[in-house]
Amino acid sequence: MIRRPPRSTPLYSSAASDVYKRQSYQYYYSCEGILSVYCNEEAEALWNEALPLEGDARNNKLVEMNRVLHGDWGNGYIGHQDLAYGVQGIDWEPSLAHSILAKQFGNIGAAAPVAPETAAPSWSGDATIAVMSEPVSLAGWRAFGAISGSPGYRNVVEFLIGRDFRGDNSIVPELATSWERVDDRTIRFYLREGVTFHDGSPLNAEGAAQVINYVMSEELNSDLLDFVGAPMSAVAVDEYTIDVSTPDPDPILLSKMYFVAITSAKQLNEAIDTYDTNLIGTGPYQFVEWNAGQGINYTANPDWWGHADPEAARGSVTVENLHYVFRAEEQVRASMVAAGEANIGVWLSSEQCADLGGCAVAPSVETIFIRPDTHGPMFSDIRVREAFHLAIDTEGIVDTILAGEATLAAQICNATCTGHDPALVPYPYDPDRSVELLAAAAADGVPVDMEINLAAREAVFPRSEEVIQAVQAMLTEVGFSVSTNFYDPETFGQMVVQNWNCLLYTSPSPRDRG
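Below you will find a few notes about this structure. (Residues numbered from 1 in each chain as written. Predicted model: local features only at pLDDT ≥ 70, side-chain atom pairs only at ≥ 80, totals over all residues. Heavy atoms only, no water.)

## Re the overall build of the protein
Applied cut-off: Here a helix means four or more residues in a row that DSSP labels H or I, a strand means two or more in a row labelled E, and each is numbered from the N terminus. Here the term buried applies to any residue with accessible area under 20% of the maximum for its type, exposed to any over 50%, and partly exposed to those in between, with areas from a 1.4 Å probe on protein chains only. We call two residues in contact when some of their heavy atoms are within 4.5 Å. Per-residue accessibility takes into account occlusion by the displayed protein chains alone, with areas from the Shrake-Rupley method and a 1.4 Å probe.
When helices and strands are tallied, the protein shows 16 helices and 19 strands. Among the 514 residues that make up the protein, the fraction classed as buried is 57%. Counting contacts in the protein only where the partners sit at least 6 residues apart, residues at least 24 apart contribute 71% of the total. With the model as given, the accessible surface of the protein reaches about 20100 Å², and the carbon-plus-sulfur share is 48%.

Below you can see the structure in the form of structure tokens.
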């Protein structure tokens with residue numbers, strides 16, 4: 001049987017999911033979003049009104065915004081994903097964060113996390129995790145991302161705060177032992193003393209502030225800056241006290257710090273040329289090697305502060321070596337688990353899980369959705385957008401291709417998000433109405449025969465290619481002209497990072513449309 005958490009279980013605190021809501025809107029909807037091919041001035045105004053608000057006032061304003069977006073037929077949603085993992089020879093369960101933290105592994109190696117003054121901590125054995133794709137680089141700021149873009153990074157780098165994903169998902173101490181609000185723009189963090197980086201340098205406020213300022217700088221221009229939605233800066237107050245501030249009041253600043261990794265300031269000062277190739281943190285594991293096209297290896301950090309205090313660290317080291325191997329084909333990942341070649345195979349299909357005798361499954365904040373380029377001459381017409389979405393049988397896709405491993409979606413973020421509107425319903429499947437709308441738009445001179453390039457990243461979720469091909473067939477059936485293209489993660493990332501390129505765009509490219 002596939003193991004599932006009960007649906008009544010709280011999945012994520014609203015503050016944490018508010019960061020995802022902010023990221024989702026700014027990336028995919030905002031008139032100035034880095035990945036946006038959409039602009040609705042009414043929704044944009046509501047978003048800006050919501051930013052300084054808190055609590056119910058913020059939630060209500062975002063609900064209002066979601067209703068505007070839904071009625072404008074901008075983006076189409078297929079489902080909120082459940083993610084399944086094949087697991088063997090190890091005791092591990094996924095959480096909503098979907099970070100594989102080795103300090104939470106059980107039943108491998110010899111667990112003996114004891115205080116150094118009593119005896120040296122000991123561990124043994126290896127764990128192999130088969131993931132979908134190879135990362136672009138080992139830059140520490142990338143640790144905010146999902147397992148697909150930063151495999152194992154959170155085992156190496158740590159953050160000022162963490163989250164209790166094994167409990168109530170609340171914010172908990174990590175490299176900061178406590179914090180307090182100074183004002184509506186600033187939080188003061190008190191750092192854990194006696195912590196060292198893998199290069200031997202100490203954790204202190206001056207170094208932590210330098211790292212935060214670097215990853216938030218316009219010079220670096222990282223995706224993290226776009227993800228958290230607004231710049232932040234840091235300054236050392238004393239050796240172990242740091243103030244983190246934003247230019248404007250930010251009620252969710254603390255939640256944002258869950259995504260800001262603290263790496264070595266010594267590396268920035270003395271070996272900046274290694275920043276993309278050598279991940280240096282304070283975590284329970286340290287980087288060993290990256291074999292291009294094959295995998296990344298980590299080994300236990302004997303000097304990790306958590307060995308002396310596993311309760312505060314929320315875990316302990318039981319496995320000596322971690323091997324993350326890159327296997328794009330989900331069947332290969334499943335086969336590795338079945339053959340005992342991998343302890344964890346990520347994001348498997350229900351059939352593969354059945355073959356394995358069950359998988360560990362958890363809901364996620366990931367949403368499968370499609371984004372037409374609403375700036376182009378075809379999708380700027382709301383009738384064409386409506387026709388497009390009415391042509392897609394989302395319920396059929398979820399029930400058959402995805403085998404029920406998703407929940408039908410009517411908005412970008414699931415019920416864990418601030419601003420989620422339970423009254424919104426998924427767009428219906430109505431191909432007859434779709435044909436009528438296309439004909440009406442064509443009669444008014446809208447170029448509905450423009451070719452659509454349906455583009456997606458390879459292996460982004462189980463059976464993604466089957467989903468895209470089914471969507472292509474449905475759209476073709478009602479009269480759209482559609483081609484499909486799949487891209488490796490790096491190429492796809494480079495393509496979509498420009499405003500005129502997106503998951504779904506028309507030809508000729510928006511670059512040529514004038």
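## Structural notes on the nonpolar core
Here is the rule we go by: As used here, the term nonpolar core means buried Ala, Val, Leu, Ile, Met, Phe, Trp, Tyr and Cys residues forming a set that is joined through side-chain atoms within 4.5 Å.
Of all hydrophobic cores here, the largest spans 79 residues; its most connected members are I100, F105, F189, I212, I242, M257 and V346. At 7 residues, helix 5 (residues 205-215) tops the list of elements feeding residues into this core. Once residues within four sequence positions are removed from consideration, F105 is found in contact with I90, D91, W92, I100, A127, T318, V319, L322 and I344. In terms of nonpolar packing, the next biggest core, distinct from the first, is built from 37 residues, A391, L402, A406 and Y427 among them.

## Some thoughts on the state of the cysteines
To be explicit about the condition: The term disulfide is used for any two cysteine sulfur atoms that are within 2.5 Å.
Following the criterion strictly, the structure yields 2 disulfides and no others. Disulfide pairing places C413 opposite C417 at an S-S distance of 1.8 Å. With respect to burial, C413 and C417 carry one shared label: buried.

## Some words on the pattern of salt bridges
Short version of the rule: A side-chain nitrogen of Lys or Arg and a carboxyl oxygen of Asp or Glu constitute a salt bridge if their distance falls within 4 Å.
One pass over the structure, following the stated rule, counts 11 salt bridges. With its nearest N and O atoms 2.9 Å apart, the salt bridge here joins R383 to D381. Take R383: its relative accessible area is 23%, and that puts it in the partly exposed class. What makes D381 buried here is its relative accessible area of 14%. As a salt-bridge pair, E436 and R433 come within 3.5 Å of each other at their nearest N and O atoms. Highlighted residues: E436 and R433, both in helix 14 (residues 431-443), separated by 3 residues, approximately one helical turn. The exposure class of E436 is partly exposed, given its relative accessible area of 49%. Here the salt bridges do not stand alone but share partners, grouping E351, R463 and E466 into one network.

## Details of the sheet that holds strand 7 (residues 186-191)
Our working rule: The pairing criterion is simple: DSSP has to find at least two bridges between the two strands. Every axis corresponds to a line fitted to the C-alpha atoms, with the helix fit spanning only the stretch in contact, and the corresponding angles, defined between N-to-C directions, vary from 0 to 180 degrees.
Strand order across the open sheet formed by 4 strands is 6-7-9-8, with antiparallel pairing between neighbours. Each edge of the open sheet is held by one strand with a lone partner, namely strand 6 (176-183) and strand 8 (233-238). Neighbouring strand axes in the sheet, compared pairwise and without regard to direction, differ in orientation by 25° on average. Examined bridge by bridge, strand 7 and strand 9 (residues 241-245) share 5 bridges and lie antiparallel to one another. In the strand pairing of strand 9, Y190 is matched with T241. Helix-sheet contacts for helix 5 involve strand 7, strand 8 and strand 9, and the interaxial angle to strand 8 is about 175°.

## With respect to the packing of helix 2 (residues 41-50) against helix 3 (residues 55-71)
Angle between the axes and distance between the axes: these two values describe a pair of packed helices. Formally: Each angle is binned into one of four classes, with values under 35 degrees roughly parallel, values over 145 roughly antiparallel, values of 65 to 115 roughly perpendicular, and all other values oblique. Residues were grouped as follows: Ala, Val, Leu, Ile, Met, Phe, Trp, Tyr, Cys and Pro as nonpolar; Asp, Glu, Lys and Arg as charged; and all remaining residues, including Gly, as polar.
At their nearest, the axes of helix 2 and helix 3 sit 9 Å apart, and the two run at 170° to each other. Considering the angle they form, helix 2 stands roughly antiparallel to helix 3. Listed contacts from helix 3 to E42, A43, L46, W47, E49 and A50 of helix 2 are R58, K61, L62, E64, M65, V68 and L69. Looking at the contact of helix 2 with helix 3 residue by residue, the classes come out as 8 nonpolar, no polar and 5 charged.

## Quick notes on the packing of aromatic side chains
For clarity, the threshold we go by: What counts as a ring pair is set by centres within 6.5 Å for rings of Phe, Tyr and Trp (its six-membered ring), and what kind of pair is set by the plane angle: stacked under 30 degrees, edge-to-face over 60, tilted for all other angles. Two conditions define a charge located above a ring, namely a distance within 6 Å from the ring centre to NZ of Lys or CZ of Arg, and an angle within 35 degrees of the ring normal.
Summed over all chains, the structure comprises 13 aromatic pairs. Consider the rings of Y258 and F259, whose centres lie 5.1 Å apart with planes at 85°: the pair is edge-to-face. For the pair Y258 and F259, one class covers both residues: buried. When the centroid spacing of 5.8 Å and the interplanar angle of 80° are considered together, the rings of F388 and F480 count as edge-to-face. Here the residue F388 occupies a position in helix 12 (residues 382-390), and F480 occupies one in the loop between helix 15 (464-478) and strand 18 (481-487), the gap between them amounting to 92 residues. For the pair F388 and F480, a shared accessibility class is recorded, and that class is buried. Among the aromatic residues, those joined into a cluster by ring pairs are F159, Y258 and F259. It is R154 that lies over the ring of Y258; its NZ or CZ is 4.1 Å from the centre.

## Some remarks on the side chain of R58
Here is the rule we go by: Each polar contact in these results corresponds to two N or O atoms within 3.5 Å; when the atoms are within protein, one needs to be able to donate a hydrogen and the other to accept it, and residues that are neighboring in sequence are counted only if both atoms are side-chain atoms.
Looking at the secondary structure, you find R58 in helix 3. A distance of 3.1 Å separates a polar atom in the side chain of R58 from the backbone oxygen of A50.

## Brief notes about unusual backbone geometry
Of all residues except glycine, most have a negative phi; of all peptide bonds, most are trans. With phi around 55°, W73 is a residue other than glycine that occupies positive phi space. Mapped onto the secondary structure, W73 falls in the loop between helix 3 and strand 1 (76-87). Of note in this structure, W347 is not a glycine but carries a positive phi near 55°. Positionally, W347 belongs in the loop between strand 14 (344-346) and helix 11 (350-355).

## Remarks on the pairing of strand 11 (residues 285-291)
The pairing of strand 11 with strand 12 (residues 295-300) spans 6 bridges and is classified as antiparallel. The residue bridging E289 from the neighbouring strand is N297, located in strand 12. In sequence, strand 11 turns back onto strand 12 through a hairpin of 3 residues, with G293 there showing a positive phi of about 80°.

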